[in-house]
Amino acid sequence: MEYEDPFANALTQLASITDILSVDPEYYEMLKSPIREITVSLPLKLSNGNVVTFTGYRVQHNNARGPYKGGIRYHPKVSLSEVKALSMWMTWKSALIDIPFGGAKGGITVDPKKLTNDELERLTRKYVDAIEEEIGPEVDIPAPDLNTNAQTMAWIMNEYSRLKGHNVPSVVTGKPIELGGSEGRNAATGRGAGICVREAVQSFLHKDVKDVTVAVQGFGNVGTNTVKTLMGMGAKIIAISDVVGGARSKSSSGHFEQSFDELLDRSTKAGSVCKIAEVEEISNSELLESDVDVLIPAALENQITERNATKIRAKLIVEAANGPTTPMADKILGRMGVNIVPDILANSGGVLVSYFEWVQNLNRDHWSEEAVNDRLEGKMKKAFYDVLSYSRKDNIDLRRAALVLAVGRVVSAMRLSGWH
Ligand code: GLU
């Protein structure tokens, strides 16, 4: 059976380019292990008086190109292996979208839905107290990820600033606008994924994005903003799922016809997109196996595996999530002729606008939403076409092309700075 340990998968991906990108093996050796792995115990007194100890992580993979950068996730399945994999993917992502950051990731093994807001705030502050020495605007800059948001970032910024004795907005990105957050940051990952869908549909399916059908797995920050962007472009969304379940539109046209705002409002009120009227409830497998042009996994790792890869009917997969396709599934889909826009490209809009936020904070500046979105569009398109041309030139899939470009840039920085 396939090994679905996320870090093992990240290492398999790295190994898949060693025959293409020939660099001194010592660089591959250095890149195989994160530079620092921090595990902290976070005892928290709950409002009922009980004390529960949570485990938190921050893994710093590589900082050859700049400060470590990456989100923090709160989820019951957070593990060291997962955080290590995500930190490595952040190194590649920052390099590929060409911003001066390295890669890191953090997380707490917790189900945030089981904590009160006050407990979550105290847990977040404890986590900052525990890793305070290891983060900072020039050292390691956290951001939101699964189940964390602008409010979480505000607590992190406030706790860090309190410890330092002065206001330090640039220690974290994805903050509320009122506290130095960037316009367009909240929607950035989904917006970037939407741009990749549009360009990939043109390049591979030779169609306009208006003429394609799409299924989206996940309706959190990334999923909702991907759907919003694609609906804005006129794409036909026929199925969506969230943590509760999947929904296929029952409209006569076959796709969701209501406006995005209406769809979000209804699904929020109903408690899930699968509970709104005019949809047929479908399972997670049915969603992934939908008969659509484009499939967008926008939830968790290991969703497309050797078990379901042959059942995928989409012609194009755009990975808005991190690590949704395992290396084994990648091979199967490659043989089936399915093109995959890899995560390190498709979801890099988030960290890109995080970089814009950091630059604005360091300059005490604030850019308009239009300025942010214009720059996002330009950088995403450039990265997309760089990867596409490389893959066509060397006749390799997009994931390997993206990795060769990204790892090559990281190795150059390591070599030039004398990391040997
Ligand atoms: N958590 C996001 C990601 O996986 C954003 C990271 C960041 O902005 O630093 O790319």
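Let me begin by describing the structure that accompanies this report. These figures come from a predicted structure and were not determined experimentally.

**Here we look at the overall build of the protein chain**
Looking only at helices and strands, one finds 14 helices and 12 strands in the protein chain. The C-alpha radius of gyration computed for the protein chain amounts to 21 Å, which stays within 12% of the reference 22 Å derived for 420 residues, consistent with globular compactness. Dimensions of the protein chain, computed from C-alpha atoms along their principal axes, come out at roughly 60 × 55 × 45 Å. Within the protein chain, buried positions represent 60% of all 420 residues. Look at the contacts in the protein chain between residues 6 or more apart in sequence, and 70% of them connect residues 24 or more apart.

**Points about the nonpolar core**
Trp-92 and Val-407 are the most contacted members of the largest nonpolar core, which has 89 residues in total. Apart from the residues lying within four places of it in its own chain, the contact partners of Val-407 are Leu-14, Ile-17, Leu-21, Tyr-28, Leu-31 and Trp-92. Core analysis: the next-biggest nonpolar cluster, separate from the first, contains 25 residues, Leu-115, Met-153, Trp-155 and Val-168 among them.

**A short note on the site of the ligand**
Lys-69, Lys-93, Pro-144, Asp-145 and Ser-354 are the nearest of the 14 residues found near the ligand. Take Lys-105: an N or O atom from its side chain is 3.0 Å from an oxygen atom of the ligand. Starting from 290 Å² of accessible surface for the ligand in isolation, the protein chains cover 95%. Elements supplying a minimum of two residues to the shell around the ligand: β3 (68–75), α3 (80–96), β5 (140–144) and α12 (349–362). Residues belonging to the shell around the ligand are distributed by class as follows: 4 nonpolar, 5 polar and 5 charged.

**Things to note about the sheet that holds strand β11 (residues 316–318)**
Taking strand neighbours across the sheet as the criterion, the 7 strands line up as β9-β8-β7-β6-β10-β11-β12 in an open arrangement whose pairing is mixed. Two strands lie at the open edges of the sheet, namely β9 (279–282) and β12 (339–341), each paired on one side alone. Sheet twist, expressed as the mean angle between neighbouring strand axes with direction ignored, is 20 degrees.

**A look at the pattern of salt bridges**
Within the structure shown, the criterion is met by 33 salt bridges. Salt-bridge contacts for Glu-301 lead to Arg-73; the nearest nitrogen and oxygen are separated by 3.0 Å. Of this pair, Glu-301 sits in the loop between β10 (294–297) and β11 while Arg-73 sits in strand β3; the two residues are 228 residues apart in sequence, bridging distant segments of the chain. Measuring nitrogen to oxygen at the nearest pair gives 3.9 Å for the salt bridge that ties Lys-114 to Asp-111. Asp-111 gets classed as partly exposed once you look at its relative accessible area, which sits at 24%. By sharing partners, the salt bridges in this structure join Arg-73, Glu-82, Lys-105, Asp-145 and Glu-301 into a single network.

**So, the sheet that holds strand β4 (residues 103–109)**
If you trace the 5 strands from one edge of the open sheet to the other, you get β1-β2-β4-β3-β5, paired in mixed fashion. In this open sheet, the two strands that pair with only one neighbour each are β1 (36–45) and β5. If you compare each strand with its neighbour and ignore which way they point, the axes differ by 20 degrees on average.

**Overview of the packing of aromatic side chains**
Taken as a whole and assessed by the stated rule, the structure comprises 6 aromatic pairs. The interplanar angle of 85 degrees and the centroid separation of 5.7 Å between the aromatic rings of Phe-101 and Tyr-355 together place this pair among those described as edge-to-face. Placement of Phe-101 in the loop between α3 and β4 and of Tyr-355 in helix α12 is noted, with a sequence separation of 254 residues between them. An aromatic cluster of at least three residues, connected via ring pairs, comprises Phe-101, Tyr-355, Phe-356, Trp-358 and Trp-367. Above the ring of Phe-7, the side-chain terminus of Lys-84 is found at 4.4 Å from the ring centroid.

**What to know about the packing of α12 against helix α13 (residues 369–394)**
Interhelical geometry of α12 versus α13 gives an angle of 130 degrees and a closest axis separation of 10 Å. Between α12 and α13, the interaxial angle falls into the category oblique. Handedness of the α12/α13 crossing: right-handed. The segment α12 lies against α13, with Gly-349, Leu-352, Val-353, Phe-356 and Gln-360 engaging Val-372, Arg-375, Leu-376, Lys-379 and Met-380. Here the contact of α12 with α13 is composed, by residue class, of 6 nonpolar, 2 polar and 2 charged.

**Details of the pairing of β5**
For β5, the tally of buried residues reaches 4 of 5 residues, placing the bulk of the element in the interior. Across 5 bridges, the pairing between β3 and β5 is parallel. If you follow Lys-69 over to β5, its bridge partner there is Ile-141.

Parameters and conventions
Residues numbered from 1 in each chain as written. Predicted model: local features only at pLDDT ≥ 70, side-chain atom pairs only at ≥ 80, totals over all residues. Heavy atoms only, no water. Helix = DSSP H or I, 4+ residues; strand = E, 2+ residues; numbered from the N terminus. Rg over C-alpha atoms; globule rule 2.2 N^0.38 Å. Buried < 20%, exposed > 50% of the residue type's maximum accessible area, 1.4 Å probe, protein only. Contact = heavy atoms within 4.5 Å. Core = buried A, V, L, I, M, F, W, Y, C linked by side-chain atoms within 4.5 Å. Near = heavy atom within 4 Å. Polar contact = N/O pair within 3.5 Å; in protein donor to acceptor, adjacent residues only side chain to side chain. Areas by Shrake-Rupley, 256 points an atom, 1.4 Å probe, with all protein chains shown as cover. Nonpolar A, V, L, I, M, F, W, Y, C, P; charged D, E, K, R; others polar. Pairing = 2+ DSSP bridges. Axes fitted to C-alpha atoms, helices over the stretch in contact; angles between N-to-C directions. Salt bridge = Lys/Arg side-chain N within 4 Å of Asp/Glu carboxyl O. Phe/Tyr/Trp six-rings, centres within 6.5 Å; stacked < 30°, edge-to-face > 60°. Lys NZ or Arg CZ within 6 Å of the ring centre and 35° of its normal. Parallel < 35°, antiparallel > 145°, perpendicular 65-115°, else oblique. Left-handed = near helix turned anticlockwise from the far one by under 90°.

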